[in-house]
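# Coordinate inspection notes
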Amino acid sequence: MVRGVILSVIGSVVFVEALAFAVQPALAQSTKDSGAERGQADRVLSRDQQVALTPDSVLAELLEGNQRFVQDDLTTRNHSARVREAYAGQFPKAVVLSCLDSRIPVEDVFDRGVGDIFVARVAGNFVNEDILGSMEFGCHVAGAKLILVLGHTHCGAVVAAIDDVQLGNITAMLANIRPAVEESGNFAGKKSSANPEYVQAVCRQNIRRAVSQIRKRSTILEAMESKGEIKIVGAYYDLKTGSVSVVED
Ligand SMILES: [Zn+2]
């Protein structure tokens, strides 16, 4: 009786898998019909494709994707097909550390889809042990080639750190951003959250600080970068235009 039930369950699984195989060619056909350039857009990255990438090629690809985002020319993707394909494993190109800000839809910002990038988010895009561990997983274990720290203009978390806001758990969170405020002490103008140039200077310093903290606090990632296996890069997102520009160290 029990054996019968087990066989029946196995039979169902085999049937479902057979069905999935039967469905796939139809999906592939519909993808092909909708444009040749969509072929790869509907496929998730394979291990071989990931290995063939370089840190510079990944950065260039993300910046090109950002141009499409800015021009409202995002690639149309079959998300359902990608979800099904990605179930077998993930081989993303990059780890992006973004602020929490809802106006930065990270995958869209770089015109990426399911399985393309790891995204870590925290208000003020700073690093801590958990974020560093996630980055080490993304690069050392899962093979991503680039770490991109993505700060942005008019960051509310940076403004709150400048104003030294004290509120619940926000106080402890802002302590991670305060060092960037201290490091911006040589700013020539008025050091106030009401001064947009000062806020911009601290936002950019906060990005540079996250990049340097990754190298300083992760021997694994620092070694990978020294060997040219990955790059750790800062970038600045403009809330007004949607464009991303690289922040030099
Ligand atoms: Zn922010």
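For the structure given in this document, a descriptive report is provided here. (Residues numbered from 1 in each chain as written. Predicted model: local features only at pLDDT ≥ 70, side-chain atom pairs only at ≥ 80, totals over all residues.)

## Let's talk about the overall build of the protein chain
Definition in use: The helix count covers DSSP runs of H or I at least four residues long, the strand count covers runs of E at least two residues long, and both are numbered beginning at the N terminus. As a rule, residues whose C-beta atom has 12 or fewer other C-beta atoms within 10 Å are exposed, those with 20 or more are buried, and those in between are partly exposed; C-beta atoms are placed from the backbone. We call two residues in contact whenever the C-beta atoms placed from their backbones are within 7 Å.
The helix and strand tally for the protein chain stands at twelve helices and five strands. Relative to its 249 residues, the protein chain shows a buried fraction of 32%. Taking the intrachain contacts of the protein chain between residues at least 6 apart in sequence as the baseline, contacts between residues at least 24 apart amount to 72%.

## Description of the nonpolar core
A general tendency of soluble globular proteins is for nonpolar side chains to be buried together. For clarity, the cut-off: The term nonpolar core refers to a set of buried Ala, Val, Leu, Ile, Met, Phe, Trp, Tyr and Cys residues connected through C-beta atoms within 7 Å.
Counting 51 residues, the largest nonpolar core has Ala94, Val95, Ile147, Leu148, Val149 and Val158 as its most contacted members. The residues contacting Ala94, other than those within four sequence positions of it, are Val58, Leu62, Ile117, Ala144, Lys145, Leu146 and Leu148.

## Some words on the sheet that holds strand S1 (residues 94-98)
Strand pairing in a sheet is mediated by backbone hydrogen bonds. Such pairs are either parallel or antiparallel. Where we set the bar: Any two strands with at least two DSSP-identified bridges between them are counted as paired. Angles here are taken between N-to-C directions and fall from 0 to 180 degrees, while the axes themselves are lines fitted to C-alpha atoms, restricted in helices to the stretch in contact.
Here we have five strands laid out as an open sheet, ordered S2-S1-S3-S4-S5, and mixed in their pairing. Looking along the sheet, the strands with just one partner apiece sit at the ends: strand S2 (117-121) and strand S5 (244-247). Taking the axes of each pair of neighbouring strands and ignoring which way they run, one obtains an average angle of 30 degrees across the sheet. Across five bridges, S1 lies against S2 in parallel orientation. In the sheet register, Ala94 faces S2, and the bridge partner there is Ile117. Sitting on the sheet, helix H7 (residues 129-141) is in contact with S1, S2 and strand S3 (146-152), with an inclination near 160 degrees to S1. Against the sheet, helix H11 (residues 196-217) engages S1, S3, strand S4 (231-237) and S5, with an angle of about 165 degrees to S4.

## Some remarks on the pairing of S5
Across four bridges, S4 lies against S5 in antiparallel orientation. The partner of Gly234 across the bridge, within S5, is Val247.

## Considering the environment of Gly228
Checked against the element boundaries, Gly228 lands in the loop between helix H12 (219-226) and S4. For Gly228, a count of 11 C-beta atoms within 10 Å corresponds to the exposed category. Taking the C-alpha atoms as reference points, Gly228 and Lys145, separated by 83 residues in sequence, lie 9.3 Å from one another.

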